[in-house]
Amino acid sequence: MRTPCIALFAALCIVAVPAFAQDEIAPVARDNRDNRDFAMIGVGAAVLPDYEGSNDYRFAPVPFAVGKLSGFGFELAGTRLSVDLVPDRSASGLDFQAGPTVNVNFNRTSIGAIEDPRIRALGKLDAAIEVGGFVGVAKTGVFTSDYDRIAFRASYRHDVAGVSKAGVFNPSITYMTPLSRKAMMGLFLSATRVEKGYATTYFGVTAAGSVASGLPVWNPKGGWKDWTAGLGGAVSLNGDLTHGLQLFAGGTYRRLLGDFGDSPIVRTAGARGQWLGAAGLAYSF
């Protein structure tokens, strides 16, 4: 399946509900399945911007899979794959996480899917392959029950395909609480800091690009690119979130900052804020 051009941009937001459900439902699954392997797979129908910073929206599928194999966690969210190489959490409820992560960034690689003619005139970008790692820590049994969970994570990835030749740093915090064995809800906050190569590749306008598009020349610096807040939930269709079919839905708001929000690609042709949303089905086993 070919992911949409900004699936990477949306992955942490749109797939947040099912993706962190792997961690949040995992304590229940461990208690009741004797620490056996498990997985959740699914697909969502997403509403997301045409490109990073666009004010035009379209529908796109976003697949995902999360789970545990021999004590090690994995997460596939759109075009992002992460593997947690630290085994299960301790009996205290603490779960330390670390491992590799890979993204394929399709932002503005499909010009035909972009409605704004000025952005199309800037030309097509190649897909960036961002490789790096993440570290994190989570605590289960925090506020409302033995199974609510708060998690902190930070990742760094660097483009190895020669597109932006730059790095992306992404810290995040999520909180989830089960409402019952049939339903859960959660929220999260995240931010993104990028290096200059990312800024000029996706938010800059060269002299040639200015002539072609009519947008002014723009040479942004690196720095904090955005913050994102989201809320979502899931409900079991057969009575138990730890196995069977679930319905999930979620929504996020992302705000572009500084040179990124001031870029003519955003300020003139798009918008500083983007709403993203998804609903879909997942199956746990």
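Being a predicted model, the structure only gives us computed values, none of them experimental.

A. Structural context of the overall build of the protein. Looking only at helices and strands, one finds 7 helices and 12 strands in the protein. Per-residue burial for the protein yields a buried fraction of 54% across its 285 residues. Taking the intrachain contacts of the protein between residues at least 6 apart in sequence as the baseline, contacts between residues at least 24 apart amount to 64%. Accessible area of the protein: about 11700 Å², with a carbon and sulfur share of 65%.

B. Fine view of the pairing of strand 8 (residues 167–178). Summarising the sheet, strand 7 (residues 149–159) and strand 8 pair through 10 bridges and their orientation is antiparallel. When the bridges of strand 8 are listed, His 158 appears paired with Gly 167. Across 9 bridges, the pairing between strand 8 and strand 9 (residues 183–194) is antiparallel. Bridge pairing in strand 9 links Met 176 to Gly 186. Two successive antiparallel strands, strand 8 and strand 9, enclose a turn made up of 4 residues.

C. Representation of the environment of Val 47 in the model. Here Val 47 shows up in strand 1 (residues 38–49). Taking the C-alpha atoms as reference, Val 47 lies 4.7 Å from Phe 59; in sequence the two are 12 residues apart. Not counting residues up to four positions away in its chain, the partners in contact with Val 47 are Tyr 57, Arg 58, Phe 59, Trp 275, Leu 276 and Gly 277.

D. Here's a closer look at the pairing of strand 6 (residues 128–140). Sheet topology note: the strand 5 (residues 94–105)/strand 6 ladder contains 12 bridges and is antiparallel. When the sheet's bridge partners are listed, Ala 98 is paired in strand 6 with Val 135.

E. The side chain of Asp 226, seen in detail. Examined against the element boundaries, Asp 226 turns out to sit in strand 10 (residues 223–236). Its relative accessible area of 0% is what places Asp 226 among the buried residues. At a separation of 3.1 Å, a polar atom in the side chain of Asp 226 contacts the side chain of Thr 192. Only 2.4 Å separates the side chain of Asp 226 from the side chain of Lys 225, close enough to count as a polar contact.

F. Expanded view of the pattern of salt bridges. As enumerated under the stated definition, the model contains 9 salt bridges in all. Here Asp 50 makes a salt bridge to Arg 58, at a shortest N to O gap of 3.5 Å. Side by side, Asp 50 and Arg 58 carry an identical accessibility label, which is buried. Residue Arg 272 pairs with Asp 262 through a salt bridge whose shortest N-O separation is 2.5 Å.

G. Structural context of the packing of aromatic side chains. One pass over the full model with this rule turns up 7 aromatic pairs. Note on Phe 203 and Phe 260: the rings are 5.2 Å apart at their centroids and 85 degrees apart in plane angle, and the pair reads as edge-to-face. In this pair, Phe 203 sits in helix 4 (residues 196–203) while Phe 260 sits in helix 6 (residues 258–262), placing the two residues 57 residues apart along the sequence. Across this residue pair, the class does not change: Phe 203 and Phe 260 are buried. Where Tyr 253 meets Trp 275, the ring centres are 4.8 Å apart and the plane angle is 50 degrees; that geometry is what we call tilted. Of the two residues, Tyr 253 sits in strand 11 (residues 244–256) while Trp 275 sits in strand 12 (residues 273–284), which places them 22 residues apart along the sequence. The exposed category is assigned to Trp 275, whose relative accessible area is 58%. Put simply, the rings of Trp 227, Tyr 253 and Trp 275 pair up and form one aromatic cluster.

H. Representation of the layout of surface pockets in the model. Of the volumes computed, that of the largest pocket is approximately 200 Å³. Lining the largest pocket we find Arg 108, Leu 122, Leu 125, Thr 200, Thr 201, Gly 204, Val 205, Thr 206, Gly 209, Val 217, Trp 218 and Asn 219. Its residues placed into classes, the lining of the largest pocket shows 5 nonpolar, 6 polar and 1 charged.

I. Spotlight on the side chain of Thr 79. Structurally, Thr 79 can be placed in the loop between strand 3 (72–77) and strand 4 (80–84). For Thr 79, the side chain forms a polar contact with the main-chain oxygen of Val 104, separated by 2.8 Å.

J. Region of interest: a nonpolar patch on the surface. Nonpolar side chains collect at one region of the surface, where Ile 41, Val 235, Leu 237, Leu 245, Leu 247, Leu 281, Tyr 283 and Phe 285 lie side by side and expose about 700 Å² of accessible area between them. Of all the elements in the fold, those that place two or more residues in the nonpolar patch are strand 11 and strand 12.

Criteria and cut-off values
- Residues numbered from 1 in each chain as written.
- Predicted model: local features only at pLDDT ≥ 70, side-chain atom pairs only at ≥ 80, totals over all residues.
- Heavy atoms only, no water.
- Helix = DSSP H or I, 4+ residues; strand = E, 2+ residues; numbered from the N terminus.
- Buried < 20%, exposed > 50% of the residue type's maximum accessible area, 1.4 Å probe, protein only.
- Contact = heavy atoms within 4.5 Å.
- Areas by Shrake-Rupley, 256 points an atom, 1.4 Å probe, with all protein chains shown as cover.
- Pairing = 2+ DSSP bridges.
- Polar contact = N/O pair within 3.5 Å; in protein donor to acceptor, adjacent residues only side chain to side chain.
- Salt bridge = Lys/Arg side-chain N within 4 Å of Asp/Glu carboxyl O.
- Phe/Tyr/Trp six-rings, centres within 6.5 Å; stacked < 30°, edge-to-face > 60°.
- 1 Å grid on protein atoms, 1.4 Å probe; cavity = no way out; pocket = protein on both sides within 12 Å on 5 of 7 lines; lining within 4 Å.
- Points joined across faces, edges and corners; volume = space filled by probe spheres on them.
- Nonpolar A, V, L, I, M, F, W, Y, C, P; charged D, E, K, R; others polar.
- Patch = residues over 30% accessible without salt bridge, like charges linked within 9 Å, V, L, I, M, F, W, Y side chains within 5 Å.

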